Amino acid sequence: MAENQRKIGEKYERRAGVYLAEQGYELLEYNFRCRMGEIDIIARDKGCLVFCEVKYRSGDGSGHPAEAVDFKKQKAISRCALYYLSSHGLTDLACRFDVVSFEGDTVTLYQNAFDYVEG
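Below: a short report on this structure. (Residues numbered from 1 in each chain as written. Predicted model: local features only at pLDDT ≥ 70, side-chain atom pairs only at ≥ 80, totals over all residues. Heavy atoms only, no water.)

The next thing to look at is helix α2 (residues 71–87). The first and last C-alpha atoms of α2 sit 24 Å apart over 17 residues, in line with the 24 Å expected at 1.5 Å per residue. The inward-facing, buried residues of α2 abut β1 (26–34), β2 (37–45), β3 (48–57), β4 (95–103) and β5 (106–114). One or two residues past the end of α2 sits Gly89, with phi positive at roughly 65°. (Helix = DSSP H or I, 4+ residues; strand = E, 2+ residues; numbered from the N terminus. Expected span 1.5 Å × (residues − 1). Contact = heavy atoms within 4.5 Å.)

As structure tokens, this is what we get:
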């Protein structure tokens, strides 16, 4: 089951990447992992570094996909983003956190979905 979920996740991450590229984003990296966690997509948008989380739901029984990016998830993404910035010498670069959600066939981009979470 977990392996199947991972394959589904990868499929939606690639679809999100195509969607972001269509919106003018420059894709830099998929699935950046460090000991702090993982970021699904890292991209540039108009000079801003974007850390993007991808969420999907096949139906509405589990709530809206963007709701799954709760405070705990935001904190993990923030810590991972800080590690990415510092390890790449980019600490003075403007950045933001976006969420791409898939609900059935509907894709929604939430720019500036949340602020950096300390901790």
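Taken as a whole and assessed by the stated rule, the structure comprises 6 salt bridges. Residue Lys55 pairs with Glu53 through a salt bridge whose shortest N-O separation is 3.4 Å. Glu53 carries the same exposure label as Lys55, and that label is buried. As a salt-bridge pair, Glu53 and Lys73 come within 3.6 Å of each other at their nearest N and O atoms. Of this pair, Glu53 sits in strand β3 while Lys73 sits in helix α2, placing them 20 residues apart in sequence. With a relative accessible area of 3%, Glu53 lands in the buried category. (Salt bridge = Lys/Arg side-chain N within 4 Å of Asp/Glu carboxyl O. Buried < 20%, exposed > 50% of the residue type's maximum accessible area, 1.4 Å probe, protein only.)

Now for the environment of Gly47. You can see Gly47 is positioned in the loop between β2 and β3. Residues in contact with Gly47, not counting those within four places in the same chain, are Leu93 and Ala94.

With that settled, consider the packing of aromatic side chains. Counted by the stated rule, this structure contains 7 aromatic pairs. Between Phe32 and Tyr84 the ring centres are 4.9 Å apart and the planes differ by 85°, which places this aromatic pair in the edge-to-face class. One end of the pair, Phe32, is in strand β1; the other, Tyr84, is in helix α2, with 52 residues separating them in the sequence. Accessibility expressed as a relative area gives 5% for Tyr84, which makes it buried. These aromatic residues form a ring-pair network of at least three members: Phe32, Phe51, Tyr83, Tyr84, Phe97 and Phe114. (Phe/Tyr/Trp six-rings, centres within 6.5 Å; stacked < 30°, edge-to-face > 60°.)

Reading across from one edge, β1-β2-β3-β4-β5 is the order of the 5 strands in this open sheet, with mixed pairing throughout. The sheet terminates laterally at β1 and β5, the two strands that pair on one side only. Taking the axes of each pair of neighbouring strands and ignoring which way they run, one obtains an average angle of 30° across the sheet. Examined bridge by bridge, β2 and β3 share 5 bridges and lie antiparallel to one another. Looking at β3, one finds that Asp45 is bridged to Cys48. Of the strands in this sheet, β1, β2, β3, β4 and β5 are in contact with α2, which crosses β3 at around 145°. (Pairing = 2+ DSSP bridges. Axes fitted to C-alpha atoms, helices over the stretch in contact; angles between N-to-C directions.)

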